[in-house]
Amino acid sequence: MTGRINYEDVVLATVNIIREAEVCLPPDVIDAIEDAYERETSEIARAQLAAILRNIELSKKGSIPMCQDTGIMVFFVEIGRSLILDFDLEGAIVEGVRRATVQVPLRPNAVSPLSRQNSGDNTGSGLPDINYSFVEGNKLSITVAPKGAGSENMSALRMFNPTEISRIREFVLETVLKAGGMPCPPIVVGVGIGGSFDKAARLAKQALLLDMDKMDPFELELLKDINALGIGTMGMGGCTTALAVHVKQAHCHTASLPVAVNIQCWANRHAKVVLEG
């Protein structure tokens, strides 16, 4: 998109990427699931993976959400330093969520934490969750990552002592083992190491957006250990408990070592749009 970015541009772009994320998985995620299917030796697990691939196909063909839990909307917004925005950017994204709830459609998932009253449109105090950062240039990049409760509820965070670096692997495996089949494996595991209590959790969630097929030796070792647990597809056993593991790090206080594990189900949904001013 060229020319001046306006409020309606952002609203429409938000609706479109939410629809894309809910209906179509990124190619690297599909490739990982197909690869898991080809490598799987358990007939039960192969049947489950085949059903997942069929689900993906039907979702795209019918332009309908691939899961009944359409999640809460998490956004990562990059703003070019030379970009001029003379409207309510956050308001436009929120309005996009409201329209997407009706148009996609989305299940209304946003409730008040104590009264449990549903807003009806996936917005409310603190929702959608919008994270901003500034980059070079004059572009506006918006990434949406819908997050369902089945996987989110299995996530964990622990504040280690700096002397306990060797326990990080154990913590990741322990978190996945406790989750079992609840987060609809095969899962994607995001790990955040460092920062602060809240920063580690944010790093873990951002890690879920990284390319599925690009893992360093530490991530590959964690993936191997997780798959050795034998939980398998939908918790029914087999070779693949996780499709990928990604780790993001940040410097932290000399006296602390925060570690967060954010689990995502097989439907590692996210989509991105770049608007140019």
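Along each chain, numbering runs from 1 in the same order as the chain's sequence is written. Reporting in this predicted model follows two pLDDT cut-offs: at least 70 for local features of residues, and 80 or more for side-chain atom pairs to be given and counted; totals over whole chains, interfaces and linings ignore these cut-offs and use all residues. Remark: hydrogens and water are excluded; side-chain values derive from all non-hydrogen atoms of the structure.

**Q** How should I be thinking about the overall build of the protein in this particular structure?
**A** Of regular secondary structure, the protein possesses eight helices and eight strands. C-alpha atoms of the protein, sized along the principal axes, occupy 50 × 50 × 40 Å. Only heavy atoms matter for contacts: two residues are in contact if any of them lie within 4.5 Å across the pair. In the protein, the proportion of contacts linking residues at least 24 apart, taken out of those at least 6 apart, comes to 82%. Here the protein has roughly 13200 Å² of accessible surface; of this, 54% comes from carbon and sulfur atoms. Across the protein, the centroid of the 26 positively charged side chains sits 2 Å from that of the 33 negatively charged ones. Secondary structure elements follow DSSP: runs of H or I of four or more residues count as helices, runs of E of two or more count as strands, with numbering from the N terminus. What sets the accessible areas is the Shrake-Rupley method with a 1.4 Å probe; for residues, cover comes only from the shown protein chains. Residues counted as positive are Lys and Arg, residues counted as negative are Asp and Glu, and His and the chain ends are not counted. Think of each charge as sitting on NZ of Lys, CZ of Arg, CG of Asp or CD of Glu.

**Q** So what exactly am I meant to see when it comes to the pattern of salt bridges here?
**A** A side chain of one charge can pair with a side chain of the opposite charge when the charged atoms of the two come close. Salt bridges, as used here, are contacts in which a Lys or Arg side-chain nitrogen is within 4 Å of a carboxyl oxygen on Asp or Glu. The tally for this structure, following the rule as stated, stands at 18 salt bridges. Measuring nitrogen to oxygen at the nearest pair gives 3.1 Å for the salt bridge that ties Arg54 to Glu57. Of this pair, Arg54 and Glu57 both sit in helix 3 (residues 43-62), three residues apart, roughly one helical turn. Using a relative accessible area of 44% as the deciding quantity, one classes Arg54 as partly exposed. Here Asp129 and Arg202 are joined by a salt bridge, their closest N and O atoms 3.1 Å apart. Note that Asp129 is positioned in strand 2 (residues 129-135) and Arg202 in helix 7 (residues 197-207), a separation of 73 residues in sequence. Exposed residues in this analysis have more than 50% of their type's maximum accessible area, buried residues have under 20%, and partly exposed residues fall in between, with area computed by a 1.4 Å probe over protein chains only. On the basis of relative accessibility, which here comes to 25%, the residue Arg202 falls in the partly exposed class.

**Q** What's the story with the sheet that holds strand 4 (residues 156-160) in this structure? I'm lost.
**A** Within a sheet, adjacent strands bond to each other through the backbone by hydrogen bonds, running parallel or antiparallel. Ordered by their spatial adjacency, four strands build an open sheet running 4-7-5-6, and the pairing between neighbours is mixed. Looking at strand neighbours, the two that pair on one side only are strand 4 and strand 6 (242-250), the edges of this open sheet. Strand after strand, the sheet turns through a mean of 15 degrees between neighbouring axes, direction not considered. Paired strands, as defined in this entry, are two strands with at least two bridges between them according to DSSP. Examined bridge by bridge, strand 5 (residues 187-194) and strand 7 (residues 257-264) share six bridges and lie antiparallel to one another. Bridge pairing in strand 7 links Val188 to Gln264. To obtain each axis, a line is fitted to C-alpha atoms, and for helices this fit is confined to the stretch in contact; angles are then taken between N-to-C directions over 0 to 180 degrees. Its contacts with the sheet place helix 8 (residues 217-227) against strand 5 and strand 6, and it is angled at close to 140 degrees to strand 6.

**Q** How should the sheet that holds strand 3 (residues 139-144) be read in this particular structure?
**A** Spatially, the four strands line up as an open sheet ordered 2-1-3-8, and their pairing is mixed. In this open sheet, the two edge strands, each paired with only one partner strand, are strand 2 and strand 8 (271-276). Ignoring strand direction, the axes of neighbouring strands in this sheet form an average angle of 15 degrees. As paired strands, strand 3 and strand 8 are joined by six bridges and run antiparallel to one another. The residue bridging Leu140 from the neighbouring strand is Leu275, located in strand 8. Running over the sheet, helix 1 (residues 7-23) touches strand 1 (74-80), strand 3 and strand 8 and is turned about 160 degrees from strand 8.

**Q** Got a minute to help me understand a negative patch on the surface in this structure?
**A** Taken together, Asp31, Glu34, Glu38 and Asp213 make up a surface patch of like negative charges. Checked against the element boundaries, Asp213 lands in the loop between helix 7 and helix 8. On the accessibility criterion, Asp213 (60% relative accessible area) is exposed. Note on patches: the residues involved have over 30% relative accessible area and no salt bridge, like charges join within 9 Å, and the nonpolar side chains Val, Leu, Ile, Met, Phe, Trp and Tyr join within 5 Å.

**Q** Honestly, the side chain of Asp121 in this entry has me stumped. Any pointers?
**A** Looking at the element boundaries, Asp121 is found in the loop between helix 4 (89-103) and strand 2. Owing to a relative accessible area of 18%, Asp121 belongs among the buried residues under this scheme. Side chain to side chain, Asp121 and Thr123 meet in a polar contact 2.7 Å long. The definition of a polar contact used here is a pair of N or O atoms within 3.5 Å, where within protein one atom must be able to donate a hydrogen and the other to accept one, and adjacent residues in sequence count solely through side-chain atom pairs.

**Q** Honestly, the packing of aromatic side chains in this entry has me stumped. Any pointers?
**A** Aromatic rings in a pair are described by how distant their centres are and how their planes are angled relative to each other. Pairing of aromatic side chains here covers Phe, Tyr and the six-membered ring of Trp, requires ring centres within 6.5 Å, and sorts the geometry by plane angle: under 30 degrees stacked, over 60 edge-to-face, intermediate tilted. Scanning the entire structure with this criterion turns up two aromatic pairs. Measuring from ring centre to ring centre gives 5.6 Å for Phe160 and Phe171, while their planes differ by 75 degrees; the resulting arrangement is edge-to-face. Here Phe160 is found in strand 4, whereas its partner Phe171 is found in helix 6 (residues 168-179), with 11 residues between them in sequence. When its relative accessible area of 3% is taken as the criterion, Phe160 is described as buried. Geometrically, a charge over a ring is one whose NZ (Lys) or CZ (Arg) sits within 6 Å of the ring centre while staying within 35 degrees of the ring normal. Above the ring of Tyr37, the side-chain terminus of Arg46 is found at 4.1 Å from the ring centroid.

In short, geometric facts, not functional conclusions.
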